[in-house]
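# Tertiary structure, described
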Amino acid sequence: MRKLFLSLFLVGTLATTFTSCREEKSTEDKIEDAAEDVGDSMEDAADDVEDAVD
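Residues numbered from 1 in each chain as written. Predicted model: local features only at pLDDT ≥ 70, side-chain atom pairs only at ≥ 80, totals over all residues. Heavy atoms only, no water.

### Side note on the overall build of the protein
Broken down by element type, the protein carries two helices and zero strands. Compactness check: the protein gives a C-alpha radius of gyration of 25 Å against a globular reference of 10 Å for 54 residues, more than 25% above the reference. In terms of overall dimensions, the protein has C-alpha extents of about 80 × 20 × 10 Å along its principal axes. Within the span of the protein, comprising 54 residues, buried residues form 0% of the whole. Here the protein has roughly 5,400 Å² of accessible surface; of this, 60% comes from carbon and sulfur atoms. Charged side chains of the protein number 5 positive and 16 negative; the gap between the two group centres comes to 34 Å. (Helix = DSSP H or I, 4+ residues; strand = E, 2+ residues; numbered from the N terminus. Rg over C-alpha atoms; globule rule 2.2 N^0.38 Å. Buried < 20%, exposed > 50% of the residue type's maximum accessible area, 1.4 Å probe, protein only. Areas by Shrake-Rupley, 256 points an atom, 1.4 Å probe, with all protein chains shown as cover. Lys, Arg positive; Asp, Glu negative; His and termini not counted. Charge placed at Lys NZ, Arg CZ, Asp CG, Glu CD.)

### Quick look at the environment of Asp51
Relative to the elements of secondary structure, Asp51 occurs in helix α2 (residues 27-53). Each C-alpha atom of the pair Asp51 and Thr13 lies 60 Å from the other, and the pair is 38 residues apart in sequence.

### Points about a nonpolar patch on the surface
Taken together, the side chains of Met1, Leu4, Phe5 and Leu8 define a hydrophobic patch exposed on the protein surface, amounting to about 490 Å² of accessible area. For Met1, a relative accessible area of 72% translates into the label exposed. (Patch = residues over 30% accessible without salt bridge, like charges linked within 9 Å, V, L, I, M, F, W, Y side chains within 5 Å. Salt bridge = Lys/Arg side-chain N within 4 Å of Asp/Glu carboxyl O.)

### Examining the environment of Thr27
With respect to the helices and strands, the residue Thr27 is situated in helix α2. Sequence spacing of Thr27 and Val11 is 16 residues, and the spatial spacing of their C-alpha atoms is 32 Å.

So this is what it looks like as structure tokens:
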């Protein structure tokens, strides 16, 4: 009985440790990434227009 409780405690501790260490992306990072993507797209579009004019 004691081994069962110790085993369950160990499994629960490991599960909690690995779950809590996961890094999540914040909203600010998502917004910054989206802004960079829009900026890159605008630069690509400007290059395409410049190529079409030439």
